[in-house]
Amino acid sequence: MVSKVRSLRWLEDLKESQRLTAREERRKEEILAVFRELYDISVNNPEPPVFPPWRPSW
């Protein structure tokens, strides 16, 4: 009886662990997508615009 309860708890823990891992993987992919987008922006605009200090930018 004890081993059956222990096995069921182990299965529940495994299921919870897999759920958390899947959520972390989705978050990781979202973050990587942001970095990919930033990379694409930096490649398309390699030089920042020049704003002379003697002239206000507004």
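Small disclaimer: the values here were computed from a predicted structure and weren't measured. (Residues numbered from 1 in each chain as written. Predicted model: local features only at pLDDT ≥ 70, side-chain atom pairs only at ≥ 80, totals over all residues. Heavy atoms only, no water.)

Student: I'd like a description of the overall build of the protein chain, backed by residues and values.
Tutor: Secondary structure summary: the protein chain contains one helix and zero strands in total. For the protein chain, the C-alpha radius of gyration of 25 Å lies well beyond 10 Å, the compact-globule estimate for 58 residues. Along the three orthogonal principal directions, the C-alpha set of the protein chain runs to about 80 × 20 × 10 Å. The proportion of buried residues among the 58 residues of the protein chain is 2%. Here the protein chain holds 11 positive side-chain charges and 10 negative ones, and the gap between their average locations is 9 Å. (Helix = DSSP H or I, 4+ residues; strand = E, 2+ residues; numbered from the N terminus. Rg over C-alpha atoms; globule rule 2.2 N^0.38 Å. Buried < 20%, exposed > 50% of the residue type's maximum accessible area, 1.4 Å probe, protein only. Lys, Arg positive; Asp, Glu negative; His and termini not counted. Charge placed at Lys NZ, Arg CZ, Asp CG, Glu CD.)

Student: Now, about the pattern of salt bridges: what can you tell me, with residues and values included?
Tutor: Applying the stated criterion across every chain yields a total of two salt bridges. We note a salt bridge from arginine 19 to glutamate 16, for which the minimum N-O separation is 2.5 Å. Residue arginine 19 and its partner glutamate 16 are located together in helix H1 (residues 2-44), separated by three residues, close to a single helical turn. A relative accessible area of 45% means that arginine 19 is categorised as partly exposed. Glutamate 16 gets classed as partly exposed once you look at its relative accessible area, which sits at 36%. In this structure, glutamate 25 engages lysine 28 in a salt bridge whose closest nitrogen and oxygen atoms are separated by 3.3 Å. Taken as a pair, glutamate 25 and lysine 28 lie in helix H1 at a separation of three residues, close to a single helical turn. (Salt bridge = Lys/Arg side-chain N within 4 Å of Asp/Glu carboxyl O.)

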